[in-house]
Structures are given as structure tokens and as C-alpha cells.
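# Structural characterization, general
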Amino acid sequence: MQLDLNLLAALDALLEEGSVAGAADRLHVTAPAMSRSLGRIRRTTGDQILVRTGRTMTPTPYAIAVREQVHDLLQQVRGVLAPSRELDLATLERTFTLRWHDALVALGGPTLLAAAREQAPGVRLCFIAESSVDTPELRRGEVDLAANADGSTAPEIRADRVAETRQTLVVRRGHPFTRLKAVTAARYAAAEHITVSRRGRLGNILDDALARLDLTRRVVATAPTERAAFEFVRGSDLVVTAPESTARPGAADLGLVLLPLPLDLPPAPVYLSWHQRYDTDPAHIWLRDLARTALTGAMNGQDPTAL
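These numbers come from a predicted model, not from an experiment. Positions within a chain are numbered from 1, following the residues in the order the chain's sequence is written. A pLDDT threshold of at least 70 governs which residues receive local features in this predicted model, and a stricter bar of 80 or more applies before side-chain atom pairs are shown or counted, although totals over entire chains, interfaces and linings include all residues. To obtain the side-chain values, all non-hydrogen atoms of the structure were used and water was disregarded.

Helix numbers and strand numbers start at the N terminus; a helix is a DSSP run of H or I with at least 4 residues, a strand a run of E with at least 2. In terms of helices and strands, the protein chain carries 11 helices and 12 strands. C-alpha atoms of the protein chain, sized along the principal axes, occupy 80 × 50 × 30 Å. Three exposure classes are used, based on accessible area relative to the maximum for each residue type with a 1.4 Å probe and protein chains only: buried under 20%, partly exposed in between, and exposed over 50%. Put simply, the protein chain has 307 residues, and 43% of those count as buried. Whether two residues are in contact is decided by their heavy atoms, any of which lying within 4.5 Å being enough. Nonlocal contacts in the protein chain, meaning residues at least 24 apart in sequence, comprise 74% of its contacts between residues at least 6 apart. Every accessible area reported is derived by Shrake-Rupley at a probe size of 1.4 Å, with residue values counting cover from the shown protein chains alone. When the accessible area of the protein chain is evaluated, it comes to approximately 16,600 Å², of which 52% is carbon and sulfur surface. In this charge count, Lys and Arg are treated as positive and Asp and Glu as negative; neither His nor the chain ends contribute. Think of each charge as sitting on NZ of Lys, CZ of Arg, CG of Asp or CD of Glu. Side-chain charges in the protein chain split into 36 positive and 36 negative, and the spacing between the mean points of these groups amounts to 4 Å.

Quick look at the structure:
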């Protein structure tokens with residue numbers, strides 16, 4: 001059998017994108033050319049690989065079974081044909097795109113940038129805002145590194161839990177809660193709340209915890225960022241619940257007060273996420289290590305100058 005390694009790259013793209021058009025965009029070829037490659041793959045393997053289901057394409061059981069093997073084989077081929085060279089930070093010129101939660105950008109971004117510029121002056125960091133919907137930028141290679149509370153379950157996405165923090169109440173100075181010895185779950189539920197949600201969701205795990213106590217709360221508004229929510233809280237008796245580590249700097253700037261949350265909730269996690277294609281990329285490994293150190297130190301309240 002005469003093998004064409006181009007078919008291996010085409011198969012990897014088809015299995016990751018789940019569509020002919022997406023695979024064509026990824027490999028910078030035309031859709032008809034990718035369709036011809038899919039036809040050759042089908043003839044070679046004797047399997048349909050992708051079958052149409054309504055408006056989408058669904059991988060066959062065979063395609064699902066070989067997806068990881070195909071990707072690993074392609075990585076091995078690339079490693080043989082284009083071996084990685086030793087990373088020279090002094091001459092490295094690269095732009096990394098980072099999609100981080102806005103509070104994490106404010107908390108750990110400056111430390112990361114300072115460390116990156118000191119070690120690799122030619123590196124640039126582009127922090128972009130999170131979308132209001134789930135987006136495939138990591139999978140498409142448009143984002144190098146994500147940081148948020150979501151640990152992806154997609155097999156091709158790596159998620160490293162780098163820190164965690166407990167939830168806290170944030171209220172204005174002089175709020176009725178500040179005059180209480182302790183805020184009970186019932187008093188917490190009876191207050192008017194604003195939630196932080198880039199998707200505009202009124203409910204979250206707090207409502208599930210209250211429901212287990214036969215309590216409900218009234219959410220009167222949502223805000224897309226913590227800082228925006230704090231502005232609402234500063235001039236009213238609204239209550240917002242947020243991760244303590246990210247809330248503390250902004251609350252201090254606005255003269256707000258942090259109070260213990262009267263609910264038993266697990267700590268809020270922080271994950272660094274990236275596509276598996278970067279697992280062995282020396283520059284990406286270097287960036288991940290710096291980001292991990294910056295976020296872990298910031299979440300633990302360390303002095304950035306000591307990192």
C-alpha cells in the first residue's frame with residue numbers, strides 16, 4: 001500500500017473539526033480538496049469516518065476509536081520531520097493569546113507580563129475577553145491558554161487546576177449585614193442579590209445550596225464582570241457573592257466589605273486550559289509555568305515582587 005502522510009493530517013483535522021469545511025479552514029485548503037481527501041481516506045480505511053446527521057457530521061465508531069492514535073501519530077511524524085530546537089528565551093519572538101476571566105487578568109496578568117518580559121523581551125501577550133457563549137478557540141488554535149473556573153471535559157483539552165478560593169459576600173460599607181454578628185442562611189436568602197455572569201444567568205450553584213435548605217433568593221440583576229457588580233453593590237443594599245481572592249482587590253478599591261458566606265460550598269477552582277497540540281511545545285510549556293506561578297501566587301495573596 002502506498003501511504004500518503006497528507007491523509008494523516010487531513011484525517012486528524014477532520015476528526016478534530018467534525019466537518020469538511022472546518023478541516024479545510026484549519027489546513028488552509030479548499031473545501032472540495034478536503035472532500036477529495038475524505039473520499040481517499042474512506043477508500044483506504046473502508047470506513048465512512050464522518051456521516052451526516054441532520055445539519056452536522058457525526059464520527060463513526062471507528063473514527064472515535066482511532067482519533068487519539070491518529071493525533072499521536074501525526075505529532076510523532078512532525079517531531080521526526082521538524083524536531084524542536086532548544087528554547088532561547090532571549091531571542092524568542094512570539095505572540096500568545098490568552099482568554100482569561102476578567103478578574104484573573106486583573107489579579108495575575110500584571111505578574112505574568114512582568115515575568116515574561118523580563119525573561120523573553122520579544123514575547124507579547126494578548127489578553128482577550130471571555131465570550132458570552134462557549135467558543136472553540138482553544139481547539140482551533142486561536143487561543144493559546146485559558147484561565148477560568150471551568151475544567152473542560154473535552155479529550156483534546158488539557159485542564160490544570162492551579163488554585164482555589166472560597167466564596168465570600170461583598171456588600172457596601174454600612175450595609176445591614178455589617179451590623180450583624182453573623183449572617184445566617186435565611187437572612188442571606190432574604191436579601192436582594194446581583195450575580196456575576198457573562199452569559200446573563202440569574203441562577204448558579206448558590207441557589208442549589210439554598211434549595212437544600214428550603215430557601216430561595218431573589219436575584220434582581222446580573223453583571224458581566226465582578227467589577228461591574230461591585231459598582232451596583234457600592235450604591236445599594238444589593239449583595240454579590242464572589243471568589244474571595246479575586247474579589248478582595250476590587251472590593252478594597254471601592255471601600256466594600258467582605259463577609260463569610262453562610263453556606264457550605266466547595267472552594268471555587270481556577271483552571272489553566274490548553275489544547276493538547278501544545279503539550280510538548282517548549283515555548284508554551286514556559287508560558288504555562290509562568291502563568292501557573294502568577295495565578296497560584298496571586299490567589300494565595302503573595303507579593304508579586306517575590307514571585
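The discussion continues.
What follows covers the packing of aromatic side chains. Here a pair means two rings of Phe, Tyr or Trp (six-membered ring of Trp) with centres within 6.5 Å. Their orientation is stacked below 30 degrees between planes, edge-to-face above 60, and tilted elsewhere. Inspection of every chain in the model, using the stated rule, returns 1 aromatic pair. Where W100 meets F127, the ring centres are 5.3 Å apart and the plane angle is 80°; that geometry is what we call edge-to-face. With a gap of 27 residues between them, W100 in strand β3 (residues 94-100) and F127 in strand β4 (residues 123-128) connect regions that are remote in the sequence. The exposure class of F127 is partly exposed, given its relative accessible area of 28%. In this arrangement the basic side chain of R288 is found over the ring face of W274, its NZ or CZ atom lying 4.3 Å from the centre. The rule is short: NZ of Lys or CZ of Arg within 6 Å of the ring centre and within 35 degrees of the ring normal puts a charge over the ring.

Moving on: the sheet that holds strand β11 (residues 256-260). One requirement defines pairing of two strands: DSSP has to find at least two bridges between them. Reading across the sheet, the 3 strands line up as β10-β7-β11 and stay open at both edges, with antiparallel pairing between neighbours. Pairing within the sheet leaves two strands with one partner each, and these edge strands are β10 (240-243) and β11. Mean inter-strand twist for the sheet, computed between neighbouring axes without regard to direction, equals 40°. Where strand β7 (residues 167-172) meets β10, 4 bridges bridge the pair, whose relative direction is antiparallel. Within β10, the position partnered with L169 by the bridge is T241. Axis definition: a line fitted to C-alpha atoms, over the contacting stretch in the case of helices. Angles run 0 to 180 degrees between N-to-C directions. Each of β7, β10 and β11 is contacted by helix α10 (residues 244-253), which is oriented at about 115° to β10, the strand it contacts most.

All buried positions along helix α2 (residues 20-27) are accounted for by V20, G22, A23 and A24. We call two N or O atoms a polar contact when they sit within 3.5 Å, provided that within protein one can donate a hydrogen and the other can accept it, with sequence-adjacent residues counted only if both atoms are side-chain atoms. Regarding α2, its N-cap is S19, as a side-chain oxygen of that residue lies 2.9 Å from the backbone nitrogen of G22 further along. Once α2 ends, the next one or two residues include H28, with phi positive near 60°.

This brings us to the nonpolar core. Membership of the largest hydrophobic core comes to 28 residues, with the highest contact counts inside it found for W100, L112, L272 and W286. Counting residues per element, this core draws most heavily on helix α11 (residues 282-299), at 9 residues. Discounting residues that sit within four places of it in the chain, L272 has contacts with W100, L145, A146, A147, R158, A159, D160, V162, R288, A291, R292 and L295. L8, V20, L38 and V70 belong to the second largest nonpolar core, which has 21 residues in total. Within this scheme, the nonpolar core is defined by two criteria: the residues are buried Ala, Val, Leu, Ile, Met, Phe, Trp, Tyr or Cys, and they are joined through side-chain atoms within 4.5 Å.

Let us look at the packing of helix α1 (residues 5-17) against α2. Orientation of α1 relative to α2, taken along the N-to-C sense of each, is 125°, at an axis distance of 8 Å. By the criterion of interaxial angle, the relationship of α1 to α2 is oblique. The crossing of α1 and α2 is right-handed. Residues A9, A10, D12, A13, L14, E16 and E17 of α1 lie in contact with α2, whose contacting residues are V20, G22, A23, R26 and L27. Here the contact of α1 with α2 is composed, by residue class, of 7 nonpolar, 1 polar and 4 charged. Oblique is the label for any angle not covered by the other classes, which are roughly parallel (under 35 degrees), roughly antiparallel (over 145) and roughly perpendicular (65 to 115). Crossing chirality is assigned from the near helix's rotation relative to the far helix, an anticlockwise turn below a right angle marking it left-handed and a clockwise turn marking it right-handed. For this classification, the nonpolar set comprises Ala, Val, Leu, Ile, Met, Phe, Trp, Tyr, Cys and Pro, the charged set comprises Asp, Glu, Lys and Arg, and every other residue, Gly included, is treated as polar.

Working definition: the strands of a sheet are paired by backbone hydrogen bonds and lie parallel or antiparallel to each other. One open sheet holds the 5 strands; their spatial order is β4-β3-β5-β12-β6, and the pairing between them is mixed. Whereas interior strands pair on both sides, the edge strands pair on one side only; in this sheet they are β4 and β6 (157-165). The sheet shows a mean angle of 20° between the axes of neighbouring strands, direction not considered. Where β6 and strand β12 (residues 268-275) come together, 8 bridges link them in antiparallel fashion.

By salt bridge we mean one thing: a side-chain nitrogen of Lys or Arg within 4 Å of a carboxyl oxygen of Asp or Glu. One pass over the full model with this rule turns up 19 salt bridges. The salt bridge partner of R26 is E16, with a shortest N-O separation of 2.9 Å. Remark: E16 occurs in helix α1 and R26 occurs in helix α2; sequence separation between them is 10 residues. Exposure remark for R26: the relative accessible area of 22% places this residue in the partly exposed category.

For the rest of this paragraph, the subject is the side chain of H193. By secondary structure assignment, the location of H193 is in strand β8 (residues 192-196). For H193, a relative accessible area of 0% puts it in the buried group. Looking at H193, its side chain comes within polar contact range of the main-chain oxygen of A191, at 3.4 Å. Residues within four places of H193 in sequence aside, it is in contact with Y188, R217, R218, V219, V220, A221, L238 and V239.

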